[in-house]
Structure formats: C-alpha cells, structure tokens
Amino acid sequence: DEGYIIAPGDMLRMVVFGDNAMQIEAKVDLNGNITIPNFGVFMAAGNSFGTLKSRLKVYLGKYFSGLLTSPQRTFLDVSLTQIRPVAITVLGEASTPGPHLVNGFATVLNALYAAGGIKTSGSLRSIKVYRNNQLIKEIDLYNYITSGKLDADIRLANNDIIFISPRISSITFNGTVKQAGIYELKKSEGLNELIKFSGGLPANASLNNVNIQRITPFENRDQKKVFDRFLTSINYGVLLKSKKNFILENGDAVNFSEVLTK
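Residue positions within a chain follow its written sequence, with the count starting from 1. In keeping with the model being predicted, local features are shown solely for residues with a pLDDT of at least 70 and side-chain atom pairs are shown and tallied solely at 80 or more, while totals for entire chains, interfaces and linings include all residues. Calculation of side-chain values draws on the structure's entire complement of heavy atoms; hydrogens and water are dropped beforehand.

As a further point, take the side chain of Thr74. With respect to the helices and strands, the residue Thr74 is situated in strand 5 (residues 74-82). Categorising residues by exposure relies on relative accessible area from a 1.4 Å probe, with only protein chains included: less than 20% of the type maximum marks a residue as buried, more than 50% marks it as exposed, and the intermediate range marks it as partly exposed. Under the relative-accessibility criterion, Thr74 is labelled buried at 0%. Only DSSP runs of H or I covering at least 4 residues are called helices, and only runs of E covering at least 2 are called strands; the numbering of each starts at the N terminus.

Here it is as structure tokens:
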C-alpha cells in the first residue's frame with residue numbers, strides 16, 4: 001500500500017541493479033532512521049511508502065550514477081519485509097477485552113478477530129474507534145454480515161481504542177421467513193429493515209396478517225394489569241403500497257404466517 005506510513009520497527013529491503021548493484025536490509029530505529037552502510041543515515045519514519053521510495057531514489061542518486069538520469073541506467077526497488085506490530089485496546093462487549101498486538105495493516109475487523117469476537121450482549125451496529133481521545137469512526141457490521149460490504153473499515157494506528165457498545169435491541173424474527181433469528185435494529189429502523197437484513201421474504205409468506213408481540217414499555221406499565229406483553233397484527237401489504245414502515249421496539253417478536261392453501 002503506497003499510503004502505508006513508515007514507523008520504527010518496519011524493515012526495509014533496498015535493491016539497486018543495472019549499472020550499479022547493492023542489496024541491503026535496514027530496520028527503522030526508534031529515532032525513525034535507517035542506516036545505509038557507506039552512505040549514511042536516512043530519515044524514513046513519517047513518510048508514506050510511496051514518498052519513501054521517491055526520497056530514497058533522490059538520496060541514493062547522489063551515489064549511484066544512472067539512477068536519476070534519462071534514460072535511466074540504474075534502478076532501485078524498495079520493499080517492506082517486516083511490518084511493525086501495532087498496540088491497540090479493545091474495550092466493551094468483546095470476548096477478550098484488553099490490549100492486543102496486531103500487524104501494521106490491521107483493520108477494525110482484524111482487531112475484533114484478535115479479541116475473540118463480540119459477545120452476544122454486544123452491538124454489531126455500533127463499534128466505535130477512538131484515536132487520540134477523539135471518535136474517528138463508528139462502524140455498522142450489518143452491511144458486512146448481510147451483503148459482504150464494509151466500506152467503513154479503517155486501518156488502525158498505534159494506541160487506537162475500539163469500543164464495542166452494549167446491544168441496542170433484540171428483535172425476534174420467525175415464522176415463514178428466509179432467515180429466522182434475533183436481529184439488532186436501531187431506533188429509527190422497523191419492519192422494512194428487519195426483512196432486508198434477513199434476506200427478504202419467501203414467496204409463500206403471507207403479508208396480510210403479521211403478528212407482533214410487544215412488551216409494554218416501563219413507563220406505560222400498570223400495577224393493576226396482569227400482563228405486560230400484548231399482541232398486535234398489521235397488514236404488511238398495505239404498508240408496502242403506501243411506502244411506509246412499522247417501527248419496531250426492543251423486545252418485539254415478529255411472526256409471518258404462511259399463505260393459505262386449498
């Protein structure tokens with residue numbers, strides 16, 4: 001990756017070939033320098049890999065004829081042979097929270113894997129990445145899980161903190177559906193998103209009578225009432241035609257029936 005930032009601990013291999021020849025490996029020291037035998041010390045840290053190659057070509061061009069001439073008679077190849085480890089911390093609802101070492105190309109997904117994954121009490125919809133005490137990214141894994149897309153994934157830097165929030169909600173989805181299970185929805189999401197995340201509805205699902213069990217919210221519970229759960233039915237076909245949504249709440253259980261047969 002041309003944008004990879006060189007830092008102490010990285011190992012570089014430089015090969016000069018053509019009219020001149022040289023091959024060395026040098027490790028970036030704690031001061032950010034690499035030592036090139038017979039040619040001095042070169043400041044490498046802080047440069048992107050692409051910039052480093054350009055600067056090294058100019059630097060070594062003072063010693064190797066043909067490296068900067070046109071046509072070029074001496075050539076330089078620079079590669080990374082070892083990537084420094086990156087220390088990150090995973091907090092919240094991780095299986096093994098705490099500090100972890102990952103390689104320099106690691107992303108948030110790699111860090112979650114290193115931490116043993118997310119507990120069932122953790123959120124897949126709100127994974128926050130902090131850098132220098134600032135929130136730099138909030139990642140929703142449902143796009144990755146349901147469609148294989150994860151455009152929001154980012155490369156981690158040293159001392160990054162990944163915080164896995166508690167689960168936002170638990171919506172049970174069962175009956176005549178493609179993927180029954182327990183889904184996590186955000187506050188603004190409802191039946192349309194639930195069906196989308198589950199892969200859509202099978203052809204034999206009935207839209208006319210969708211049963212939703214709902215737990216009465218804390219603020220609406222009455223000590224005189226025996227039951228704190230109620231059942232409601234909606235016509236999803238009407239919702240589709242009107243392009244409306246039915247907002248779901250934490251603890252809801254949605255059941256689709258099968259179409260009637262003769």
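What follows deals with the environment of Lys53. Note on placement: Lys53 falls in helix 1 (residues 49-60). Relative accessible area serves as the criterion here: at 27%, Lys53 is assigned to the partly exposed category. Lys53 sits 25 residues away from Val78 along the chain, and the two C-alpha atoms are 6.3 Å apart. By definition, residues are in contact when any of their heavy atoms lie within 4.5 Å. In contact with Lys53, not counting residues within four places along its chain, are Glu2, Leu76 and Val78. Whenever a nitrogen or oxygen atom comes within 3.5 Å of another N or O atom, the pair is scored as a polar contact, on the condition that within protein one atom can donate a hydrogen and the other can accept it, and that pairs from neighbouring residues in sequence are kept only if both atoms are in side chains. A distance of 2.9 Å separates polar atoms of two side chains, one belonging to Lys53 and the other to Glu2.

Below, the discussion takes up the sheet that holds strand 12 (residues 181-183). Strands are labelled as partners when DSSP assigns at least two bridges between them. The strand order across the open sheet built from five strands is 12-11-15-13-14, with neighbouring strands paired in mixed fashion. Looking at strand neighbours, the two that pair on one side only are strand 12 and strand 14 (229-234), the edges of this open sheet. Along the sheet, successive strands turn relative to each other by an average axial angle of 20 degrees, direction set aside. The sheet contact formed by strand 13 (residues 210-215) and strand 15 (residues 253-256) spans three bridges and is antiparallel. By the bridge assignment, Ile212 is partnered in strand 15 with Val254. Angles run from 0 to 180 degrees between N-to-C directions of axes, and those axes are lines fitted to C-alpha atoms, restricted for helices to the stretch in contact.

This next bit is on a nonpolar patch on the surface. There is a patch of nonpolar side chains on the surface, built from Leu91, Ile161 and Phe163 and spanning about 210 Å² of accessible area. Among the secondary structure elements, Leu91 is positioned in strand 6 (residues 85-92). Grouping into patches uses exposed residues only, defined as over 30% relative accessible area, and leaves out salt-bridged ones; the cut-off is 9 Å for like charges and 5 Å for nonpolar side chains (Val, Leu, Ile, Met, Phe, Trp, Tyr). Calculation of accessible area relied on Shrake-Rupley with a 1.4 Å probe; when residues are assessed, cover is drawn exclusively from the protein chains displayed. Salt bridges are identified by distance alone: a Lys or Arg side-chain nitrogen within 4 Å of an Asp or Glu carboxyl oxygen.

One open sheet holds the five strands; their spatial order is 7-6-10-8-9, and the pairing between them is mixed. Two strands bound the open sheet, and with one partner strand each, they are strand 7 (98-103) and strand 9 (134-139). Neighbouring strand axes in the sheet, compared pairwise and without regard to direction, differ in orientation by 30 degrees on average. Where strand 8 (residues 122-131) lies against strand 9, five bridges are found, and the strand directions are antiparallel. Note on strand 9: the bridge partner recorded for Val129 is Lys137.

As judged from the six bridges shared by strand 6 and strand 7, these two strands associate in the antiparallel manner. Among the inter-strand pairings, Val86 is bridged to a residue of strand 7, identified as Val102. Hairpin connection between strand 6 and strand 7: a loop of five residues separates the two successive antiparallel strands. Inspection of the sheet shows strand 6 paired to strand 10 (residues 161-166) by four bridges, in the parallel sense. From the neighbouring strand, Val90 faces strand 10, where its bridge partner is Ile162.

Bringing the pattern of salt bridges into the picture now. Side-chain pairs of opposite charge can arise whenever the charged atoms involved come near each other. The final tally for this structure, using the stated rule, is eleven salt bridges. Asp10 is paired through a salt bridge with Arg84; the nearest N and O atoms lie 2.8 Å apart. Here the residue Asp10 occupies a position in the segment before strand 1 (11-18), and Arg84 occupies one in the loop between strand 5 and strand 6, the gap between them amounting to 74 residues. For the pair Asp10 and Arg84, one class covers both residues: buried. One salt bridge in this structure joins Glu93 and Lys119, with 3.8 Å as the shortest N-O distance. In this pair, Glu93 sits in the loop between strand 6 and strand 7 while Lys119 sits in the loop between helix 2 (108-114) and strand 8, placing the two residues 26 residues apart along the sequence. By relative accessible area, which is 38% here, Lys119 ends up partly exposed.

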